[in-house]
Amino acid sequence: MNVLIDACVPQAERQGVMDLQDLHYEMLVEFFQADIDPQLAFFSLFDSAIEPNALHFFIARAVTGTKPHLVMTTNFDYLLEIAMGKVASQRQQVVPVITRQDFERWADPARLLEAGRIPVYKLHGSKRNVITGKDTGSSIVTTLTALAKDRADGKLFAIEPYKRPAMVHLTRGRHIVVLGYSGADAFDIIPTLREIGNIGKITWINHIGGLAPRVFKTARAGDDGAGTGVARVQPERIPADELLLELGSKDVDVARIDVDSGEFISSLWEEWFPDVPIPAVPGKGEQPQVVSTDERSVESMRLVRDMYSSVDDLQKWTLAWDCYNAMGDVKSAERCATNGLVLARKNKSPRFTSFFSWSLGEIGLAREEYTEARRYLDEALAVAEGNGLVDEASHVHALIGDWYRANFQLEDAMQCYERAYRLNVKRNNLAGQASCLNRLGIVFQETKAPDKALDAYEKALRLEAQLGNMSARAALLHNKGRLLEGQDRTPEALEAFTEALKVSELLGDLSAVYQEADNIAMVHYERGDFEKAVPFLKKTIETGDKLGPRDEAFTQYEQGITHVLDYLGNCYSKLGLWKAAFGCYDRALSIDQELGFPESIAFDLKQLGVLHVNMGDHDVAVTYLKRALQAANAGKNAKQVAEIEDLLNRLDRNAS
């Protein structure tokens, strides 16, 4: 990731983009493909990687031995196949399983083994079949769109259906040993392993350089949850731990080994292949290489820089904007759009002028700065229409519709959305059609036409299933969930919100995570299921704490966070968890005091007073309620004043 960022992001933004913790590789490559290189030419660098290391040769010998093992990989390179070809008696024995046709033909590896063939299953594809020379570039799964395409209904987080039979044969009832795989991929491999079941045993090798081996046995059913281990040390969390804990709770024999991969492979090599020397990479001395060296990373960076040396600065600003925007870093996205717009105007580039103008208009809409937003949107539309940029024009029409909707001019909004939809139909722009259908659904919902709204959402979801746009899918599921919730179709609403939350978490979209967690919490709260509401309210608060500092425009943060804290405090009170409830109300009070909202301060103090009433602390309760009364009077809220006075009077009567 850092190599691509270093080569194709403006120098001033490189470190900022690199520091985006939730930016997935698949997400970056998707933006890179859209903004910089539609053909992803950097994959050709895998053709120059022809020297396997000791890990590749170890696996190659394991799968070609007298008792052959099976291997599957998510790597795109050919190093494993090259090593297997060198170790096998005949290179043609090696059968890379890459394309859909390959997976359907060789779903059961037993057929290949019986014929004396040696399969290697490449779950995320490869640019070519290095054994046959066949071009297999269309098999590569490296973007979010590719990960979301060709999924069965309700199986967004799973491997493609045509690969599933092979994964079942490769894992069911077997001992799975994981080498060189982080488990950070939460889109297809990990969810599929979770679903398949009947895994015999799993050993996860976690590479940590220079560390003496530490073995951890994951908690099993009936354990106290702490797990046991050879090493009595609490391990650092890794992405795979959630899966390992879940499998361990289902009576799968699970172990995680933290170890230096080089030393680990060396020791296993001497035990398994005592008569074969460990191979050294030519030109690299006598020591076996197990992991990539800094020297190789530097060479990769040089090659990528050379490959993309002519990338336009406007493309670089667009890539940086995409990364920040996807991660909810609005201030940084605004900075990129502003710099990009200055450069686009200077270079007289209509496409980029329109793009950066509507980007700033969209930010203005989010901040409720409607005059400024409309100025940018009008400029974007004039440039797009004046230069025949139909796709850009249709997008801006939709954003102007958002502007009208935000200003409660729903008929004007509807006309803009319909105009944009017609343009997208004419251009066969499916993504644009889905976006307009989503917006039309919102207007139908707001104008009390729920059947039309649901129909629009369903049509848009069907289009997004073809396209694989996860972010758009999450937004549609959110809107569908709100509609279903309003119709008292609670189970269906929860299902929509839950899938939207999963997608948003994987995308690192904190604003969406905040919304969806809050939606789920409120559904449980309204049903009186306070125990189920608690974890989602906590997730909402944790997400708000991450999101708030990124952008002052996130008005839901400081004003909305107290709303969430109050609901969480109420849940704790209902569950009799007084100390936890106090912490929630007290934090809400601190925020509202800092913001200076008298009515909110009065509400928080009243909640603290009621809490102490429930706890039997009469004097403390009266103190809080008297302070609440002062705040309510300062806010001149007669209803609030009457409620608090009534509480104080009842306390006085009970005391006497």
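Close approach of charged atoms allows side chains with opposite charge to pair. This model, assessed by the stated rule, comprises 25 salt bridges. Taking the shortest distance from any N to any O, the salt bridge between R489 and E492 comes out at 3.0 Å. Classification of E492 by relative accessible area gives partly exposed; the value is 36%. Where D529 meets K532, a salt bridge forms, and the shortest distance between an N and an O atom there is 3.8 Å. The class of K532 is partly exposed, set by a relative accessible area of 48%. Through salt bridges with shared partners, a single network forms among D402, R405, R439 and E446.

A word on the side chain of N570. Note on placement: N570 falls in helix 26 (residues 556-574). Here N570 is in contact with Y525, Y585 and Q607, once residues within four sequence places are set aside.

One pass over the full model with this rule turns up 0 disulfides. Unpaired in terms of disulfides, C323 finds its nearest cysteine sulfur in C336, a separation of 8.9 Å. C323 sits in the buried class, given a relative accessible area of 0%.

Let's shift gears to the sheet that holds strand 2 (residues 94-97). Spatially, the 3 strands line up as an open sheet ordered 1-3-2, and their pairing is parallel. The sheet is open, and its two borders are formed by strand 1 (72-73) and strand 2, each paired with just one other strand. Taken together, the 2 bridges between strand 1 and strand 3 (residues 118-122) define a ladder with parallel strand orientation. The residue of strand 3 that forms the bridge with M72 is Y121.

What counts, and at which threshold
Residues numbered from 1 in each chain as written. Predicted model: local features only at pLDDT ≥ 70, side-chain atom pairs only at ≥ 80, totals over all residues. Heavy atoms only, no water. Salt bridge = Lys/Arg side-chain N within 4 Å of Asp/Glu carboxyl O. Buried < 20%, exposed > 50% of the residue type's maximum accessible area, 1.4 Å probe, protein only. Helix = DSSP H or I, 4+ residues; strand = E, 2+ residues; numbered from the N terminus. Contact = heavy atoms within 4.5 Å. Disulfide = S-S within 2.5 Å. Pairing = 2+ DSSP bridges.

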